[in-house]
Amino acid sequence: MREPILSAIARQKLVVILRGLPREKLLDTLGALADGGVQLVEITFAADGRISDADTAKSIALAAEQFDGKLLVGAGTVLTEAQAALAKSAGAGFLLSPNTDPAVISKTRELGMVSIPGAFTPTEAQNAHAAGADIVKLFPASVLGSGYIKALRAPLSQLSLMAVGGIDLDNMAAYLAAGACSVGIGSNIVSQTRVEEGDFEAIRALAKQYAACAKGEPYVPAH
């Protein structure tokens, strides 16, 4: 399963992040994303425990079952080895974290999943790579800007970097041009307001825009 996911990330260059999504809205949201051309989605664990890990796993399982063949489903905010194992059992194929934990990276690889831990500094990014990360999630990317990715990859050209945090239609192309292999987008596509209001058409339209932009098609801002 690892190679198809890595190939999809390299081709699609876009992972959509779903955080705190009510399960009754999940399938409609996923349908809108798939219709908009998204191929990879990440359902996050809640670090504050507001949503239990078991409930998050149920959402991952529902997504993986209902959209098998249409979407590749991963888990986000994976902070422990137990969460990694739970995500795997639910059907996740890739894991993202906001931090670098060698034990979680090792467990992810042991389970046959794609590992995408988070890092911010050159030392963290290289440590994540050395621990077995497939891709290093640069987070929060917008704090340092797209130029940081270009600067980071000059001495550390072996790194594959996913830019996450503050990426939108206006700056996505700059991050990809600077050397990011992909980007992660959350509320700029799947916002709490759009989900609560059931505005799945807006989610579909945004997904289509972001998917096209990630593939290099020109984005013309609305005036």
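Note that the structure is a prediction, hence the values are computed from the model and not measured.

(A) Geometry of the pairing of strand 2 (residues 40–44). The element strand 2 is largely enclosed, with a buried count of five among its five residues. Burial along strand 2 is two-sided: the face carrying Leu40, Glu42 and Thr44 and the face carrying Val41 and Ile43 are both buried. Where strand 1 (residues 14–18) and strand 2 come together, three bridges link them in parallel fashion. Note on strand 2: the bridge partner recorded for Ile17 is Glu42. Taken together, strand 1, helix 2 (residues 23–35) and strand 2 constitute a β-α-β crossover, and its handedness is right-handed. For the segment spanning strand 2, helix 3 (residues 53–66) and strand 3 (residues 72–76), crossover handedness is right-handed.

(B) Just the nonpolar core, in detail. Counting 63 residues, the largest nonpolar core has Leu18, Leu33 and Ile189 as its most contacted members. Per-element accounting of this core gives the leading share, eight residues, to helix 10 (residues 200–214). Those residues in contact with Leu33, other than ones at most four positions away along the chain, are Val16, Leu18, Val38, Val41, Ile189, Val190, Ile203 and Ala207. If you look at the next biggest cluster of nonpolar residues, it comprises 14 residues, including Ile5, Ala8, Val114 and Ile135.

Rules used in this analysis
Residue numbers run consecutively from 1 along every chain, following the written order of its sequence. Reporting of local features is limited, given that this is a predicted model, to residues whose pLDDT is at least 70; pairs of side-chain atoms are given and counted only at 80 or more, and all residues count toward the totals for whole chains, interfaces and linings. Based on all heavy atoms of the structure, the side-chain values leave hydrogens and waters out of the count. Classification of residues uses two cut-offs on accessible area relative to the type maximum, computed with a 1.4 Å probe and protein chains only: under 20% is buried, over 50% is exposed, and between them is partly exposed. By definition, any uninterrupted DSSP run of H or I lasting at least four residues is a helix, any uninterrupted run of E lasting at least two residues is a strand, and each is numbered from the N terminus. Pairing between strands is defined by DSSP: at least two bridges between the two strands are required. Handedness of a crossover is defined as follows: orient the strands so they point away from the viewer, and if the path from the first strand over the helix to the second runs clockwise, the crossover is right-handed. The term nonpolar core refers to a set of buried residues drawn from Ala, Val, Leu, Ile, Met, Phe, Trp, Tyr and Cys, joined through side-chain atoms within 4.5 Å. Here, residues are in contact when the closest pair of their heavy atoms is within 4.5 Å.

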